[in-house]
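Listed here are the chains, written in short residue letters.
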Amino acid sequence: MKLSIIRSACGSLRIHPARSGSRVSDLSRGYTPVGPATSRLILRTASATSSGGTNPKLSVNFGKLSQNDDGFEFDSSLRVVVQSTKEAMLALQRRNLAIQPFLAIVQAGEDDIWLEINKKMAVRIGLNITQICLAKECSEDDIVEEVLKLNEDPRVHGVYLHLPPASLTSRVLNTLKPEKDVDGISDMNIGRLVRGDLSKGFVPPIASAVLDLLEKHDSSLEMKTVLLVGGEGPLGVSLQCLIERSGMLALKSHWSSTNLQRQVMQADAVVLFGAGNIDVPPTWVKPGAALIRCEPTLETDEHAAESGIGYLTAAYRTQNVVRSCSRWVQEQQYQPWHLHSLKLQPLTPVPSDIEISRAQTPKPVDQLAEEIGLLPEELEAYGRSKAKVRLSLLDRLHKQPDGKYVLVAGITPTPLGEGKSTVTIGLVQALSAHLKLNSFACLRQPSQGPTFGVKGGAAGGGYAQVIPMEEFNLHLTGDIHAITASNNLVAAAIDARMLHEATQTDKALFSRLVPSVNGARRFSPIQISRLRRLGINKIDPASLTPEEISTFVRLDLDPSKITWQRVLDTNDRFLRKITVGQASTEKGQARETGFDIAVASEIMAILALADSLEDMKNRLARMVVGTSRSGQPVTAEDLGVSGALAVLMKDAIKPTLMQTLEGTPVFVHAGPFANIAHGNSSVLADKLALKLVGRDGFVVTEAGFGADIGMEKFFNIKCRASGLRPNAVVLVATVRALKMHGGGPNVSAGAPLPREYIDENLSLVAGGCRSNLRKQIQIAHLFGVPVVVALNVFKTDTQAEIDLVCQIAKECGASEAVPCHHWAQGGRGSIKLAKAVNEAASRTSDFQFLYNTEMPIVEKIRTIAQKVYGADDIELTPEAKAKIDYYNQQGYGSLPICMAKTHLSLSHMPDKKGVPTGFVLPIRDVRASIGAGFIYPLVGTMSTMPGLPTRPCFYDIDLDPVTEEITGLF
């Protein structure tokens, strides 16, 4: 009979909750027990030979059946086991009322007496039971398939393999998770027993029962000799260990041994395995010795049941289930870290980034996860060194206090970047590897555009990197690809819908949108949602009027007001403006559109701001893709595509776990640019990390570009969405950038630095400190957060320049200012920064938002322009004013603001350095990301699709076809 038929006949997976006074007699029959736990035990005690030459048995009566309220009475040993198990159960449920230990029984064939004993005992204790019935002649694959399902079922705390001994193959036993192997017969659990480590393993119940019999037979066991005959399997090994650990001497023999009689006669107790019908003559057993038969059998044996040994074995099995459940509950609690730091041996001169990354061997990601308290089931490995972390972690640790929350921002950067990622990584390496404080870095995933364009990757640099840096910078776990696919699915849906609406009647559209299946038309759930938004409260397609059908089927998108563009994760200037629909098959539906870079997609912003899968799904549905000719917003849900988007993004919402060069954990998740989006890693990564580090730990996250861009959006957008409040800000500065803001010549990517940036020039440094650095510190203080200035030291910086920066930074209001040498030294070079951050984060923060979201849109824009950028005022184009009026009309006026502005200046003019004054900020357009939840004004001439320079980074990137090693990444 096929497995599926047997499962059906047996009721498939059946759960039997234990209730006071309940019995298991109502369980469907059709199962069978296994292994050592189903063994038959018979105890005989030899006495002086009688005149008749016989050797009378000693009556033991372990749980012998009698008529009390439970159907059996308890021998003292059995009573102790049952009582201690029930007490452990009550203690467990006092801590967690909802918890119920759960035993799953996998059996082949029908119930037998051994199974009935186990079910009775489980009910007596209060366990829940489920039985899985396989065919009597089931295959190894059938068993493994069921065991794998039980491994992944979080409700199941113990699995009892009630199968014929021949079915208990090594593959079957070692497929079962050791923590659910309550019979203690897997290789892992036997190994733990041999090693003497039972903190995670289990003693086989039958071995415990045998030891109990030995102890009852003779209270003084020390130095007694116990002979084990025929015990070669897991049970024999476990018994030998337990016997020797109890102070007895364990000897082993075989049934075929020529010295068996002499060995039996010398033993104080004899345990027989696999005897079958073979018996040991009474004359072999010395007076007062115990004889125990341990015969694996699956046959119904009333005598064995009457002996009561089955009850003692079953009691120990239930004890193991409760113990397994207790361990599971303990595992669900917050676990202290046991982080193993990787050693660094910095070289001088410092090698290339990729050489440094390749020289360090990262820890296996599952090892890293275990060190920081993640459970195996919370990890989805992508290769050896990176893994997705499941959001169920938030539910498990929801009562755990958050750690300290630190933001790394920067002064207005040069086109070369000032090393915020490097500082972030150096800081967490210092905190974890050197100060021994739990810390987590939360970084954005780099876009392929900069990686192959000008800036390069974003894994950090020198001895402060995320490793492997090639995996970090290229593809990672495919999140950006999922965003690209999702975004472009929406774009395809828009053009396809416009085509079909332009070429079909209402009736034809309705017929195709709500097709007849087996003679019946039904709305899909997403179509019912659209009907409700339209005010049509009907679910029967046949009940719609012609007017309602027309309203339902026609989105009537205005081609000139479609705001959704396609995306590509490559810098490609020639896609900024394109024409689509030129083929004859598109029937004249050509229109102008364009491409954005993938990280500018609203879906990327949604990924970064969502706080759950459900929240992401709802945000995706709310995305506005354009406006109808009647002026109504059209959403992704109106297109019917939002459910598919959630499917494409379901894995992308999980943060990716990696590590630094020194083995500190890193979450890499989301990657919106800060100049054209909100420029921060995900809310979910931060929330997961804050739970994992513990109350005294640190989560260090980074905001893109200068504090006026990334930090302002972190506070006003990300912190509003997350509800999190930062404890401190690290403001990154470089002597190079300060000299630029102090009046130095322009800095261009790919061009040699002018002499002013290489030679000491205290005047330029002071000018930059008292202008841009001071302003950025003031911006942080607008939000009430303490600031630590981190000077990212370059080899061309002089000590006088370094000292001057630290001095003026403190004069400008920084809590502390310290030089950082992480690029050349790793975490050791940022110890001073780590100590300063620890001190600053310990102070009471008086965090506040810059504006109230209920302020008018124009006033929110003006507040940012004046208080953050230093503008005199703002100037809106007629188009921008019209958009604001429209957003107010649609009810979007209370959304926060995400300014799309150049990152190279506090103003809208990239060449204006320092602290520009006397300017009016031009707002040329205002757009809305309703799904992400913000309004974004476009300042000046911002482009959402970068272009490639004359000599992009890709000239230096290559692959060795023999070793598969990548060169040229940085």
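- By the naming in an unreviewed UniProt entry, the protein chain goes by formate--tetrahydrofolate ligase and is assigned to Eleginops maclovinus.
- UniProt's Pathway (unreviewed entry) comment on the protein chain is quoted here verbatim: "One-carbon metabolism; tetrahydrofolate interconversion."

## Regarding the nonpolar core
For step 1, the next point in the chain: Residues Phe-440, Leu-657, Phe-667, Phe-715, Leu-773, Leu-921 and Ile-923 are the most contacted members of the largest nonpolar core, which totals 149 residues.
For step 2, the next point in the chain: With residues up to four places along the chain from it excluded, the contact list for Phe-715 reads Leu-407, Arg-720, Pro-726, Val-729, Phe-783, Val-785, Phe-847 and Phe-849.

## Points about the layout of surface pockets
For step 1, the next point in the chain: The space that makes up the second largest pocket amounts to roughly 1,800 Å³.
For step 2, the next point in the chain: Taken together, 50 residues make up the lining of the second largest pocket; nearest its centre are Trp-328, Glu-331, Gln-332, Leu-375 and Glu-377.
For step 3, the next point in the chain: Of all the secondary-structure elements, those providing two or more residues to the lining of the second largest pocket are helix 4 (140-152), helix 11 (309-332), helix 13 (365-371), strand 10 (379-381) and helix 14 (392-396).
For step 4, the next point in the chain: Sorting elements by how many residues they give to the lining of the second largest pocket places helix 11 first, with seven residues.
For step 5, the next point in the chain: Here the lining of the second largest pocket is built from residues that sort into 15 nonpolar, 15 polar and 20 charged.

## Some words on the pairing of strand 31 (residues 873-876)
For step 1, the next point in the chain: The side-chain alternation of strand 31 yields one buried face, formed by Ile-874 and Leu-876, and one unburied face, formed by Asp-873 and Glu-875.
For step 2, the next point in the chain: Sheet topology note: the strand 31/strand 32 (residues 920-929) ladder contains four bridges and is parallel. Bridging across to strand 32, Asp-873 finds its partner in Val-920.

## Things to note about empty space enclosed by the protein
For step 1, the next point in the chain: Inspection of the entire model under this criterion finds one cavity of 30 Å³ or more.
For step 2, the next point in the chain: Of the volumes computed, that of the largest cavity is approximately 80 Å³.
For step 3, the next point in the chain: What lines the largest cavity is simply Gln-445, Pro-446, Gln-448, Phe-472, Asn-473, Leu-474, His-475, Ile-480, His-481 and Asp-569.
For step 4, the next point in the chain: If you list the elements that add at least two residues to the lining of the largest cavity, you get helix 17 (469-473) and helix 18 (479-503).
For step 5, the next point in the chain: A class-by-class count of the residues in the lining of the largest cavity yields four nonpolar, five polar and one charged.

## Observations concerning the packing of aromatic side chains
For step 1, the next point in the chain: Enumeration over the complete set of coordinates arrives at 14 aromatic pairs.
For step 2, the next point in the chain: Taking the centre distance of 6.4 Å and the plane angle of 80 degrees together, the rings of Phe-934 and Tyr-936 count as edge-to-face.
For step 3, the next point in the chain: Taken together, the aromatic side chains of Tyr-405, Phe-714, Phe-715, Phe-783, Phe-847 and Phe-849 make up a single cluster linked through ring pairs.
For step 4, the next point in the chain: Note that Arg-327 overlies the ring of Phe-202, its terminal NZ or CZ placed 4.6 Å from the centroid.
For step 5, the next point in the chain: Arg-720 extends its terminal NZ or CZ atom over the ring of Phe-849, reaching a point 4.2 Å from the ring centre.

## Describing helix 20 (residues 525-533)
For step 1, the next point in the chain: Regarding helix 20, the residues found buried are Gln-527, Ile-528, Arg-530 and Leu-531. Axial view of helix 20: buried residues confined to an arc of 155 degrees, hence all on one face. For helix 20, the exposed residues lying more than 90 degrees away from the buried face are Pro-525 and Arg-532.
For step 2, the next point in the chain: Tucked into the core, helix 20 has its buried residues touching helix 19 (506-513), helix 21 (546-553) and helix 24 (636-639).
For step 3, the next point in the chain: At the C-terminal side of helix 20, Gly-535 shows a positive phi close to 80 degrees.

## A word on the sheet that holds strand 31
For step 1, the next point in the chain: Ordered in space as 31-32-33, the three strands form an open sheet in which the pairing is mixed. In the strand order of this sheet, the two ends are held by strand 31 and strand 33 (934-939), each with one partner. Taken pair by pair, the neighbouring strands of this sheet meet at an average axis angle of 50 degrees, ignoring direction.
For step 2, the next point in the chain: Direction of pairing for strand 32 relative to strand 33: antiparallel, over a ladder of six bridges. Across the sheet, residue Asp-925 finds its bridge partner in strand 33, namely Leu-938.
For step 3, the next point in the chain: Across the face of the sheet, helix 34 (residues 878-889) comes into contact with strand 31, strand 32 and strand 33 while running at roughly 40 degrees to strand 32.

## Let's talk about unusual backbone geometry
For step 1, the next point in the chain: With an omega of -5 degrees, the peptide bond running from Thr-348 to Pro-349 counts as cis.
For step 2, the next point in the chain: Note on placement: Pro-349 falls in the loop between helix 11 and helix 12 (353-359).
For step 3, the next point in the chain: Unusually for a residue other than glycine, Lys-436 sits at a positive phi of about 60 degrees.
For step 4, the next point in the chain: Here Lys-436 is to be found in the loop between helix 15 (420-434) and strand 13 (439-443).
For step 5, the next point in the chain: Given a relative accessible area of 61%, Lys-436 falls into the exposed group.

## Let's talk about the confidence of the model for the protein chain
For step 1, the next point in the chain: When the pLDDT values of the protein chain are averaged, the result is 88; 90% of them are 70 or greater.
For step 2, the next point in the chain: The low-confidence segment residues 296-307, where pLDDT is below 50, has 35 contacts with residues more than four positions distant or belonging to other chains.

## Looking at the pattern of salt bridges
For step 1, the next point in the chain: As enumerated under the stated definition, the model contains 46 salt bridges in all.
For step 2, the next point in the chain: Residues Lys-650 and Asp-651 are paired through a salt bridge, measuring 3.4 Å at the closest nitrogen-oxygen approach.
For step 3, the next point in the chain: The exposure class of Asp-651 is partly exposed, given its relative accessible area of 27%.
For step 4, the next point in the chain: Taking the shortest distance from any N to any O, the salt bridge between Asp-873 and Arg-862 comes out at 2.8 Å.

## Digging into the packing of helix 18 against helix 25 (residues 642-649)
For step 1, the next point in the chain: One way to put it is that helix 18 packs onto helix 25 with a least axis distance of 9 Å and a crossing angle of 170 degrees. Put simply, helix 18 runs roughly antiparallel to helix 25. Along this stretch, helix 18 crosses helix 25, giving a crossing that reads as right-handed. Residues Ala-482, Ile-483, Ala-485, Ser-486, Leu-489 and Val-490 of helix 18 touch helix 25, and the partners they reach there are Ala-644, Leu-645, Leu-648 and Met-649.
For step 2, the next point in the chain: In the contact of helix 18 with helix 25, the residues fall into nine nonpolar, one polar and no charged.

## Notes on the sheet that holds strand 23 (residues 624-628)
For step 1, the next point in the chain: In space, the three strands of this open sheet follow the order 18-23-24, with antiparallel pairing throughout. Edge positions in the sheet fall to strand 18 (557-562) and strand 24 (633-635), since each has one partner strand and no second. Across the sheet, the axes of successive neighbouring strands diverge by a mean angle of 50 degrees, strand direction being ignored.
For step 2, the next point in the chain: For strand 18 and strand 23, the ladder comprises two bridges, and the chain directions are antiparallel. Within strand 23, the position partnered with Leu-557 by the bridge is Ser-628.
For step 3, the next point in the chain: In the packing of helix 18 onto the sheet, the strands contacted are strand 18 and strand 23, and the crossing angle to strand 18 comes to about 135 degrees.

## What about the UniProt feature "domain: Tetrahydrofolate dehydrogenase/cyclohydrolase catalytic" (unreviewed entry) in the protein chain?
For step 1, the next point in the chain: Under the UniProt annotation, "domain: Tetrahydrofolate dehydrogenase/cyclohydrolase catalytic" (unreviewed entry) lies at residues 85-183.
For step 2, the next point in the chain: Across residues 85-183, the secondary structure splits into 43% helix and 19% strand, with the terminal C-alpha atoms separated by 16 Å.

## Section: helix 4
For step 1, the next point in the chain: Its 13 residues place the ends of helix 4 19 Å apart at the C-alpha level, agreeing with the 18 Å of an ideal helix rising 1.5 Å per residue.
For step 2, the next point in the chain: All of the buried residues along helix 4 are Asp-142, Ile-143, Val-144, Glu-146, Val-147, Leu-150 and Asn-151.

## Describing the side chain of Asp-181
For step 1, the next point in the chain: By secondary structure assignment, the location of Asp-181 is in the loop between helix 5 (170-175) and helix 6 (187-195).
For step 2, the next point in the chain: Ignoring sequence-local partners within four residues, the contact set of Asp-181 consists of Leu-176, Ser-186, Asn-189 and Phe-202.

## Remarks on the environment of Ser-352
For step 1, the next point in the chain: Mapped onto the elements of the fold, Ser-352 is located in the loop between helix 11 and helix 12.
For step 2, the next point in the chain: Considered as a pair, Ser-352 and His-822 are 470 residues apart in the sequence and their alpha carbons are 15 Å apart.
For step 3, the next point in the chain: In terms of polar contacts, Ser-352 uses its side chain to reach the side chain of Glu-355, at 3.1 Å.

Parameters and conventions
Residues numbered from 1 in each chain as written. Predicted model: local features only at pLDDT ≥ 70, side-chain atom pairs only at ≥ 80, totals over all residues. Heavy atoms only, no water. UniProt positions renumbered as here; feature names shortened; annotations may be inferred. Core = buried A, V, L, I, M, F, W, Y, C linked by side-chain atoms within 4.5 Å. Buried < 20%, exposed > 50% of the residue type's maximum accessible area, 1.4 Å probe, protein only. Contact = heavy atoms within 4.5 Å. 1 Å grid on protein atoms, 1.4 Å probe; cavity = no way out; pocket = protein on both sides within 12 Å on 5 of 7 lines; lining within 4 Å. Points joined across faces, edges and corners; volume = space filled by probe spheres on them. Helix = DSSP H or I, 4+ residues; strand = E, 2+ residues; numbered from the N terminus. Nonpolar A, V, L, I, M, F, W, Y, C, P; charged D, E, K, R; others polar. Pairing = 2+ DSSP bridges. Phe/Tyr/Trp six-rings, centres within 6.5 Å; stacked < 30°, edge-to-face > 60°. Lys NZ or Arg CZ within 6 Å of the ring centre and 35° of its normal. Arc of directions from axis to C-beta. Axes fitted to C-alpha atoms, helices over the stretch in contact; angles between N-to-C directions. pLDDT = per-residue confidence, 0-100. Salt bridge = Lys/Arg side-chain N within 4 Å of Asp/Glu carboxyl O. Parallel < 35°, antiparallel > 145°, perpendicular 65-115°, else oblique. Left-handed = near helix turned anticlockwise from the far one by under 90°. Expected span 1.5 Å × (residues − 1). Polar contact = N/O pair within 3.5 Å; in protein donor to acceptor, adjacent residues only side chain to side chain.

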